[in-house]
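Understanding the architecture of this molecule
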Amino acid sequence: MAPALDVSTLAQFVDPLTIPAAAQRQGTRPSPADPKQSIPFYRIQAQPIVSKVHRDLQPTRFWSFGPSTPGPTFETRSAEPLLVEWVNALPDAHFLPVDHTIHGAEADKPAVRTVVHMHGAKTGPESDGYPEDWIVPGKSAFYFYPNQQDATMLWYHDHTLGINRLNVYAGLFGTFLIRDGVEDALNLPKGKYELPLILYDRLLTRDAQLLYPVSPDPQSPWVPELSGNAILVNGKLFPYLEVEARKYRFRVLNASNARFYHLSFVNEALANKEDALFHQIGTDQGLLPAPVPLTSLEIAPGERADIVVDFSDHRGAQLILKNDAFIVMQFRVSAGKVTDTSSLPSTLRPVSRIPESQAVQTRLLTLNEYVNKAGNPVQLLLNASHWSMPVTEKPVLGSTEIWTLINPTNDSHPIHLHLVRFQILDRQPYEPWLFQTKRQLHFLGPPQSPDPNEAGWKDTVRADSRMVTRIIVPFTGYTGRYVWHCHILEHEDNEMMRPYDVVAAP
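Residues numbered from 1 in each chain as written. Predicted model: local features only at pLDDT ≥ 70, side-chain atom pairs only at ≥ 80, totals over all residues. Heavy atoms only, no water.

Across its full length, the chain carries four helices and 31 strands. Dimensions along the principal axes, computed over C-alpha positions, put the chain at roughly 65 × 60 × 50 Å. Across the chain, the fraction of contacts at a sequence separation of at least 24, relative to all contacts at a separation of at least 6, is 77%. In the structure as shown, the chain presents an accessible area of about 19,400 Å², 52% of it carried by carbon and sulfur atoms. Here the chain holds 45 positive side-chain charges and 54 negative ones, and the gap between their average locations is 3 Å. (Helix = DSSP H or I, 4+ residues; strand = E, 2+ residues; numbered from the N terminus. Contact = heavy atoms within 4.5 Å. Areas by Shrake-Rupley, 256 points an atom, 1.4 Å probe, with all protein chains shown as cover. Lys, Arg positive; Asp, Glu negative; His and termini not counted. Charge placed at Lys NZ, Arg CZ, Asp CG, Glu CD.)

Set out below in structure tokens:
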């Protein structure tokens, strides 16, 4: 491997935060759901680009959706469908190390393939981005997004079987905003006061090129996780943002392959260095019932957090966004007083809790890690089942189930279910050995309710180490084949993903 760049040698806060461009429609097309209806049409192509992540670095080679990474931001409204043609305009050779021993990435497969998943979207199976529905360079696929869901921020990213971790690492992702009347009525910060903060870590070589680590075994280069020392925000390293002394709404996305973030805002000039207060108003699938005051935010890969930061108490100051001890970016607060007409309402959107009695089935599902003689992970599975094994989860459309995620591993796994949204019931510590040997669930403490900022609709949940995590899932929308998986992309690529079928009621 080439030596990695020491990012601590770089000047901080010399590049302004960039804001991804808005996706531009290319006219209208007949709706697949109703050919008499014309709907907005977009054509977005995956392509190679170069981009400067820092003033003092050479341009970095990326793959992106459109001319920059992250890709363009879609903005639409609930119940207003749209059609996207996803085009693969990439070269025929991959510039990151493909492991041909991984299922779905065998040497007989084309080196470069893409398929796009709209993470959190309620779509038919033909538009969900099934990992085997990939296309090769020169081809395209049309995906229909009905947008029959509440206001929220979704995100789109590559989902190709066996090389998903490489394609996302290369830069193939972007965000997708859905608005609705409930959100409009809240008078939250908007326009230039509502901004995405898309976080993703990378390793860079000394000449600023992407460095993807490999194992010592040249025949099996897969590594179980990746953590980079360069934390990018919207494509920039250590950026700054000039803000007014007022409320801002930030749509935070963890687009990292494996890193969990623990975010806080700190006024470094103050002697006490206390973390500044902010409020979380929404999670993966939309608004929370009420704002949750926080001084730190944990966000796992694939998760989103909708937060409001009021800079009015920090006039003339400089706030630092930190991830644990690592500096992420700077906010430069103007000294002048401004008039802020936006609101932070005390109530946001009702979230009715689903009673457990509504569930027609409870599934016990294990998260499995397999290690070699040296104790290094070599493969991860869900419910001890490989991708190609027969489907075992077949929920009935319109039914509700409880999925009990049993995690004996030392990792926290962010588990994502396609198509659906769900609620977290609880987490409870248990004795892994007893379950693995005798299939007995022996709990070591009482169940723990989800944190207040998790008490909304979710599509990705942290299944923490040596815990049993329960979610309650209404299976609404469509019949067909979908997937569920760990959103640590290295895990997902090495078999920690399973298909599931939503079936019609008999």
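There is more to say after this.
On to the sheet that holds strand β30 (residues 480-486). Strand pairs in the sheet, formed through backbone hydrogen bonds, run parallel or antiparallel to each other. Strand order across the open sheet formed by four strands is β28-β26-β30-β31, with antiparallel pairing between neighbours. Edge positions in the sheet fall to β28 (460-463) and β31 (497-502), since each has one partner strand and no second. Sheet twist, expressed as the mean angle between neighbouring strand axes with direction ignored, is 25°. Taken together, the three bridges between strand β26 (residues 413-417) and β30 define a ladder with antiparallel strand orientation. Counted as the bridge partner of isoleucine 415 is cysteine 486 from β30. (Pairing = 2+ DSSP bridges. Axes fitted to C-alpha atoms, helices over the stretch in contact; angles between N-to-C directions.)

Moving on, we come to the packing of aromatic side chains. In total, this model carries 26 aromatic pairs according to the counting rule given. Ring geometry for phenylalanine 41 versus phenylalanine 142: centroids 6.2 Å apart, planes at 25°, classification stacked. One end of the pair, phenylalanine 41, is in strand β3 (residues 38-51); the other, phenylalanine 142, is in strand β8 (residues 140-145), with 101 residues separating them in the sequence. A relative accessible area of 3% means that phenylalanine 41 is categorised as buried. Relative to phenylalanine 74, the ring of tyrosine 42 lies with its centre 5.0 Å away and its plane at 65°, an arrangement referred to as edge-to-face. Placement of the pair is tyrosine 42 in strand β3 and phenylalanine 74 in strand β5 (residues 74-77), with a sequence separation of 32 residues. Of the two residues examined, tyrosine 42 and phenylalanine 74, each falls in the buried class. (Phe/Tyr/Trp six-rings, centres within 6.5 Å; stacked < 30°, edge-to-face > 60°. Buried < 20%, exposed > 50% of the residue type's maximum accessible area, 1.4 Å probe, protein only.)

Another aspect to go through is the pattern of salt bridges. Going through the model one piece at a time under the given rule, you end up with 36 salt bridges. Here arginine 179 makes a salt bridge to glutamate 183, at a shortest N to O gap of 3.4 Å. For the pair arginine 179 and glutamate 183, a shared accessibility class is recorded, and that class is buried. For lysine 322, the salt bridge goes to glutamate 268, with nearest N and O atoms at 3.7 Å. Of the two residues, lysine 322 sits in strand β21 (residues 318-323) while glutamate 268 sits in the loop between β16 (261-267) and β17 (278-283), which places them 54 residues apart along the sequence. (Salt bridge = Lys/Arg side-chain N within 4 Å of Asp/Glu carboxyl O.)

Here we have six strands laid out as an open sheet, ordered β1-β14-β22-β21-β16-β19, and mixed in their pairing. Every other strand in the sheet has two partners, leaving β1 (15-16) and β19 (297-299) as the edge strands with one partner each. Note: strand β14 (residues 239-245) against strand β22 (residues 326-337), five bridges, orientation parallel. If you follow tyrosine 240 over to β22, its bridge partner there is glutamine 330.

Turning our attention to the pairing of strand β23 (residues 361-371). Pairing of β23 with strand β25 (residues 400-407), which is carried by six bridges, proceeds in the parallel orientation. Across the sheet, the residue bridging to leucine 365 is leucine 405, located in β25. Where β23 meets strand β24 (residues 377-382), five bridges bridge the pair, whose relative direction is antiparallel. Of the residues in β24, the one forming a bridge with asparagine 368 is leucine 381. Remark: five residues form the turn of the hairpin made by β23 and β24, two consecutive strands paired antiparallel; glycine 375 in that turn has positive phi of roughly 85°.

Formed by 65 residues in total, the largest nonpolar core has its most connected members in Phe65, Phe74, Val84, Trp86 and Met118. If we skip the residues at most four places from it in the chain, phenylalanine 74 touches Ala23, Tyr42, Ile44, Val84, Trp86, Tyr156, Thr175, Phe176 and Leu177. Counting residues in each nonpolar core, the second largest holds 34 residues, with Phe250, Phe278, Ile299 and Val309 among its members. (Core = buried A, V, L, I, M, F, W, Y, C linked by side-chain atoms within 4.5 Å.)

Moving on: the pairing of β3. Relative to β3, strand β2 (residues 28-30) runs antiparallel, the two sharing three bridges. Counterpart to proline 30 in the pairing with β3 is serine 38. Bridging between β3 and strand β6 (residues 82-88) involves six bridges; their strand directions are parallel. Within the sheet, the bridge partner assigned to glutamine 45 lies in β6 and is valine 87. Where β3 and strand β4 (residues 60-65) come together, six bridges link them in antiparallel fashion. Within β4, the residue paired with serine 51 across the bridge is threonine 60.

Note on placement: valine 391 falls in the loop between β24 and β25. For the pair formed by valine 391 and phenylalanine 278, sequence separation is 113 residues and the distance between their alpha carbons is 43 Å. Beyond its immediate sequence surroundings of up to four residues, valine 391 is in contact with Arg481, Arg498, Pro499, Tyr500 and Asp501.

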